[in-house]
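Observations on the three-dimensional arrangement
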Amino acid sequence: MAGGSRGPAFWGQLAFTLLVCLMLVSPIVLSLLAGVTQNYFVGIRSGVTLRWVEEVLRTYSGTILLSVQIAFACLACTLLLGVPAAYVLSRHQGRATRLVEELLVMPVAIPGLATALALIITYGGFGDFRRSWLFILVGHVLFTLPFMVRAVLAVMNSVDLATLEEGAASLGAGFVRRFFGVVLPNCMPGILAGSLMVVTLSIGEFNLTWLLHTPLGKTLPVGLADAYASLRIEIGSAYTLIFFVIIIPCLVLMQAVARRGAGSK
Amino acid sequence: MSATAKSDSFRVEPVPVRLEGCSKTFGNGARALEPLDLTIRGGETMVFLGPSGCGKTTTLRLIAGLESPDPGGRVFFGDEDVTRLPIERRNVGMVFQSYALFPNMNVAQNVAYGLRVRSVERRQRDRRVDEMLAMMQMADLAGRRIDQLSGGQRQRVALARALVVRPRVLLLDEPLTALDAKLRDGLRLEIDRLLRGLGITAVYVTHDQGEAMALGDRITVMARGRVAQIGTPQDIYFRPADAFVAEFIGTMNRLPARVDDGILQIGSLQLPWQGPAGTTTVLIRPEDVRLQDDDGVLTGMVSVAVFLGDRTRVVVDVADGSSIIVDAPGRTSVARGDTVRLGFDPARLLSLPDRS
């Protein structure tokens, strides 16, 4: 694309691209603006305020905290389950492990509602468990685990882990030492990418959670749905604003990690 | 690497390695190695040479402890039976074809890894790493990341890392294969000097006969999971045990010959011969064949003449349709289409038992 000789085709494409971007971004911007507008029906002229944000924080801080709590608990679970699983899958490649790899995608492929219903049918009878936040956590772990395994597995398969481990073993390192000193550090980009993915997905998860939650244990997206359904649109929008503040840094970090991972190859 | 290689802190007691009845069958039923008995003397450099799939790497991995032999096979380091010890408890040093350096550590940390695993206390560890890096002429690279090193530098780090722990046996798995030709020659000399300086028992796997000849005190030529011949480079080259070794090492000419009444006839040459009557094959190296003006044993026409500087490689088509390769002195002037006579010293002829 040499400068100076840009024809009508270029400007046409640029205009089209910008138009599409505008279509995608405007609802978000409008929604965010609504969250800080005095009165949505009057418009931004009615004044800018943090009143709705404060109100959301007052009424819904429980759901926000629960969401963050579940996200990190979910992260801990997927790390403990997913990293060793990816390790085994990467080190023992055969028919059985390929099958497991395929099965791991199932929770992603099946609609969240179906998974949630299956969980309720199976474990709904355990009252205390059904009512606790752990029930939602189980759903989130089911849903996010494949993403962790895939992210870690991709890195593990690209670094020739087997030879690295043989190298460490030849220098006298036993399994535990190899795993923590050589395997984990060299899979960090995958673990990091997987972690951000899991946290992001868990915080934003709605399908499963909507069925799994109880009135006393709502997460952020479920609360958001409630707010839009039953309260002033400004409150719902302020809620969205808070959601963005939590989720955007995660997404930006994810991109940065992905880029750094690609750069080091 | 020079004389510093004799530094006492790296000197190791040479340990012999003995394999007894070691065979290896993989899970899918493929036999990678037929039962093998082999002794590698203490301090000697043994090269396993052969085409891919001949079992050389499997044998190395059996010695390393990365594979275990089929039941009944045993591996000894000196008098100690190490068959059941995993690699991390055999105290070997290993250099991998792909180097296997840890990307998450810099050069010095890679070299220090084995010492850290052995809980060598910090000051001594630093000193030994420094000494090792100095010996490999890499002191200025200590802080580099692995991905900032060239292939040759990586290979030296891999050697340093394997040697710094003073292993009982040094195992090298095609360490030069990933490097370009020029670098390979340089590093080969360095490795040779290093191994002799240290006096360590070393096992070196390669498919490159030049490397094998240059580095090996003895060479084990392998084919299809079996040992074809064990001997010094001279043995292997001048007295190949069978047709495979003869063809695999260097270049070999097959001469058409007939045996009648205890007389071997090649062209105009007649020699007393023991062996069954009929056609047979005798072998001769290209450098043992002469181009000459008068008599000669065979007459033929030059089909190719390539000037290689130190010698001229001439391919001569002889009467029965076969081609004979001749390494003539560099200053020989023959051209395609010339008629030449070939002669040789009968003492340089090789015959092989017909096994192939």
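Quick note: structure is the one above.
Residues numbered from 1 in each chain as written. Chains lettered and ligands numbered in written order. Predicted model: local features only at pLDDT ≥ 70, side-chain atom pairs only at ≥ 80, totals over all residues. Heavy atoms only, no water.

Right, let's get into the packing of aromatic side chains. Within this structure, the stated rule accounts for ten aromatic pairs over all chains. Relative to A:W11, the ring of A:F10 lies with its centre 5.0 Å away and its plane at 80°, an arrangement referred to as edge-to-face. Overall, the relative accessible area of 23% leaves A:F10 in the partly exposed class. A network of ring pairs unites the aromatic residues A:Y87, A:F175, A:F179 and A:F180 as a single cluster. Sitting above the plane of the B:F76 ring, B:R18 keeps its charged end 4.3 Å from the centroid. Directly above the ring of B:Y237 sits B:R285, whose terminal nitrogen or CZ lies 3.8 Å from the centroid. (Phe/Tyr/Trp six-rings, centres within 6.5 Å; stacked < 30°, edge-to-face > 60°. Buried < 20%, exposed > 50% of the residue type's maximum accessible area, 1.4 Å probe, protein only. Lys NZ or Arg CZ within 6 Å of the ring centre and 35° of its normal.)

This part takes up the pairing of strand β8 (residues 201-206) of chain B. Residues and elements named next belong to chain B. The element β8 is largely enclosed, with a buried count of six among its six residues. Here β8 shows a buried face lined by T201, V203 and V205 and a second buried face lined by A202, Y204 and T206. Sheet topology note: the strand β3 (residues 45-49)/β8 ladder contains five bridges and is parallel. Its bridge partner lying in β8, F48 is registered against V205. Here strand β7 (residues 169-173) pairs with β8 via five bridges, running parallel. (Helix = DSSP H or I, 4+ residues; strand = E, 2+ residues; numbered from the N terminus. Pairing = 2+ DSSP bridges.)

Scanning all chains against the criterion turns up 26 salt bridges over all chains. Of the charged contacts, one joins B:E247 and B:R254 as a salt bridge, the two residues approaching to 3.0 Å between their closest N and O atoms. Among the charged side chains, a network of salt bridges with common partners joins A:R91, A:E165, A:R178 and B:E88. (Salt bridge = Lys/Arg side-chain N within 4 Å of Asp/Glu carboxyl O.)

Bringing the side chain of B:T201 into the picture now. Residue and element names in this part refer to chain B. As for its position among the elements, T201 is in strand β8. On the basis of relative accessibility, which here comes to 0%, the residue T201 falls in the buried class. Discounting chain neighbours no more than four positions away, the residues touching T201 are P14, V15, P16, V17, I40, R41, G42, G43, E44, R168, V169 and L170. (Contact = heavy atoms within 4.5 Å.)

Moving on, we come to the sheet that holds strand β2 (residues 31-40) of chain B. Sheet strands pair by backbone hydrogen bonding; their relative direction is either parallel or antiparallel. Taken together, the four strands give an open sheet; going across it, the order is β2-β1-β4-β5 (chain B), and neighbouring strands pair in antiparallel fashion. Strands at the two margins of the open sheet, each flanked by one partner only, are β2 and β5 (80-81) of chain B.

Grouped together as the largest cluster of nonpolar side chains are 57 residues, with contacts concentrated most on B:F102, B:V111, B:Y113, B:M132, B:L159, B:L163 and B:L170. Beyond its immediate sequence surroundings of up to four residues, B:V111 is in contact with B:V129, B:M132, B:L133, B:V157, B:A160, B:R161 and B:V164. Grouped together as the second largest cluster of nonpolar side chains are 50 residues, A:A73, A:L137, A:V149 and A:I242 included. (Core = buried A, V, L, I, M, F, W, Y, C linked by side-chain atoms within 4.5 Å.)

As a further point, take the pairing of strand β9 (residues 218-223) of chain B. All names here are of chain B. Most of β9 is tucked away: six of the six residues are buried. Of the two faces of β9, the one lined by R218, T220 and M222 and the one lined by I219, V221 and A223 are each fully buried. Sheet topology places β3 next to β9; four bridges connect them, and they run parallel. Considered in β9, the bridge of L49 is made with V221.

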